[in-house]
Amino acid sequence: MKFMDFISPQAIRADLTAGDKPGVVREMVQALLDAGAIDPGDMESIVKAIMNREELGSTGIGRGVAVPHAKHASVDRLVGTVAVSREGVDFDSLDGEKVYVLFLLVSPLDRPGDHLRALENIARQLRDDRFCRFLKQAKTAEEIRQLLEEADANQFGG
Amino acid sequence: MDQAKTTRTVVVTNRAGLHLRAALQIFQLVREFSVEIELVVDRQRAKATDMLQIVALGASQGTEVTLEAAGPEADAALDALASLFAAGFHEEDS
């Protein structure tokens, strides 16, 4: 699965302003809402589902990256977005480091395969140090979108 | 890993496959032992203590995973890990 199969380009953010985990999760879900990827009535429940999932173990997977996610009945296909925090956010990551790049995923209740393939793609691409570094340094949403498209076209090692 | 390796083949039994929570359980279990373990799927390798590498395997339900262990507690760690895979990572919908 490629990034552009599940990332909503209009929901990409290069300038997260929140300074904590609940704040950035809310900011990213709001971005999905603004992009029309989710319905306004579902926003609170999606934020809550993602925060509940974080309680089971942080999705901060190291290398300054987190993948907050949840299943939610309101979506009929995997939707997601990516965002960069300039200052970094404490995400209770296993390595204790702040998180600078976040991929947020909302999956339908009964589609574990799609979630796994999206995770696989994110993790494979992030093994490339250049891709990781370029993402962290991206200044605009457009730059991030281009990086994801380059990754989709196998421009990085992934 | 230069030391002699002990290997074990397991199967991913849970419905969701090796997603993040499963990777976290593998990480948490393995760090309790004096051991180095790698998971191998086809020719792809992942350190058991690196969640990103584990998730990058993209191992779905039914996938065979070879566990390669080296260290004084290799056998005990492989037993525990094999049990965790067999239990489907204790997921409700597995």
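Residues numbered from 1 in each chain as written. Chains lettered and ligands numbered in written order. Predicted model: local features only at pLDDT ≥ 70, side-chain atom pairs only at ≥ 80, totals over all residues. Heavy atoms only, no water.

Chemist: Run through the interface of chain B and chain A, naming residues and quoting values.
Modeler: On the side of chain A, 20 residues touch chain B, which itself brings 21 residues to the contact. Both sides of the chain B and chain A interface together cover about 1,800 Å² of buried area, and 66% of this is carbon and sulfur. Three residues, Leu20, Arg21 and Leu52 of chain B, lead the burial of chain B against chain A; their summed loss comes to 36% of the area buried on that side. Applying the counting rule to chain B against chain A returns two salt bridges. Between arginine 15 of chain B and aspartate 110 of chain A there is a salt bridge, with the nearest N and O atoms lying 2.7 Å from each other. Linking chain B with chain A are four residue pairs in polar contact (both at pLDDT 80 or more). Mapped by element, the contributors of at least two residues to the side of chain B that touches chain A are α1 (20-30) and α2 (51-56) of chain B. Looking at the side of chain B that touches chain A element by element, the count peaks at five residues for α2 of chain B. (Contact = heavy atoms within 4.5 Å. Buried area = accessible area lost by both parts, 1.4 Å probe. Salt bridge = Lys/Arg side-chain N within 4 Å of Asp/Glu carboxyl O. Polar contact = N/O pair within 3.5 Å; in protein donor to acceptor, adjacent residues only side chain to side chain. Helix = DSSP H or I, 4+ residues; strand = E, 2+ residues; numbered from the N terminus.)

Chemist: Please provide a residue-by-residue account of the pairing of strand β2 (residues 36-41) of chain B, values included.
Modeler: All names here are of chain B. By the criterion of burial, β2 is predominantly enclosed, with five of the six residues buried. Where β2 meets strand β4 (residues 64-70), five bridges bridge the pair, whose relative direction is antiparallel. Across the sheet, the residue bridging to valine 40 is threonine 66, located in β4. Where β2 lies against strand β3 (residues 44-47), four bridges are found, and the strand directions are antiparallel. Among the inter-strand pairings, leucine 39 is bridged to a residue of β3, identified as alanine 46. Count of turn residues in the β2/β3 antiparallel hairpin: two residues, of which aspartate 42 carries a positive phi of about 55°. (Buried < 20%, exposed > 50% of the residue type's maximum accessible area, 1.4 Å probe, protein only. Pairing = 2+ DSSP bridges.)

Chemist: Run through the pattern of salt bridges, naming residues and quoting values.
Modeler: Any two side chains of opposite charge can pair, on the condition that their charged atoms come close. Within this structure, the stated rule accounts for 16 salt bridges over all chains. Measuring nitrogen to oxygen at the nearest pair gives 3.4 Å for the salt bridge that ties arginine 111 of chain A to aspartate 114 of chain A. Relative accessible area serves as the criterion here: at 16%, aspartate 114 of chain A is assigned to the buried category. Where arginine 130 of chain A meets aspartate 128 of chain A, a salt bridge forms, and the shortest distance between an N and an O atom there is 3.9 Å. Classification of arginine 130 of chain A by relative accessible area gives partly exposed; the value is 38%. The structure contains a network of salt bridges with shared partners spanning Lys5, Glu38, Arg45 and Glu68 of chain B.

Chemist: Talk me through the confidence of the model for chain A; I want residue IDs and the actual numbers.
Modeler: Summary statistics for chain A give a mean pLDDT of 95 and a share of 99% for residues scoring 70 or more. Per-element confidence in chain A is highest for helix α1 (residues 21-34) of chain A, whose mean pLDDT is 98, and lowest for strand β1 (residues 60-62) of chain A, whose mean pLDDT is 90. (pLDDT = per-residue confidence, 0-100.)

Chemist: Could you give an account of helix α2 (residues 43-55) of chain A, naming the residues involved and the relevant values?
Modeler: An ideal rise of 1.5 Å per residue puts 18 Å on 13 residues; α2 of chain A measures up with 19 Å between its terminal C-alpha atoms. The complete set of buried residues in α2 of chain A reads Met43, Ile46, Val47, Ala49, Ile50, Met51, Arg53 and Glu54 of chain A. Turning to α2 of chain A, the residues buried within the fold contact α1, β3 (69-71) and β5 (99-107) of chain A together with α1 of chain B. Positioned one or two residues after α2 of chain A, glycine 57 of chain A has a phi angle of 145°, which is positive. (Expected span 1.5 Å × (residues − 1).)

Chemist: Could you give an account of the packing of α1 of chain A against α2 of chain A, with specific residues and numbers?
Modeler: All names here are of chain A. Two numbers describe how α1 lies on α2: the axes approach to 10 Å, and their chain directions differ by 140°. Classified by the angle between their axes, α1 and α2 sit oblique to one another. Crossing angle aside, the handedness with which α1 passes α2 is right-handed. Contact with α1, carried on its side by Lys21, Pro22, Val25, Arg26, Val29, Gln30 and Leu33, involves Met43, Glu44, Ile46, Val47, Ile50, Met51 and Glu54 of α2 and no other residues of that element. By residue class, the composition of the contact of α1 with α2 is nine nonpolar, one polar and four charged. (Axes fitted to C-alpha atoms, helices over the stretch in contact; angles between N-to-C directions. Parallel < 35°, antiparallel > 145°, perpendicular 65-115°, else oblique. Left-handed = near helix turned anticlockwise from the far one by under 90°. Nonpolar A, V, L, I, M, F, W, Y, C, P; charged D, E, K, R; others polar.)

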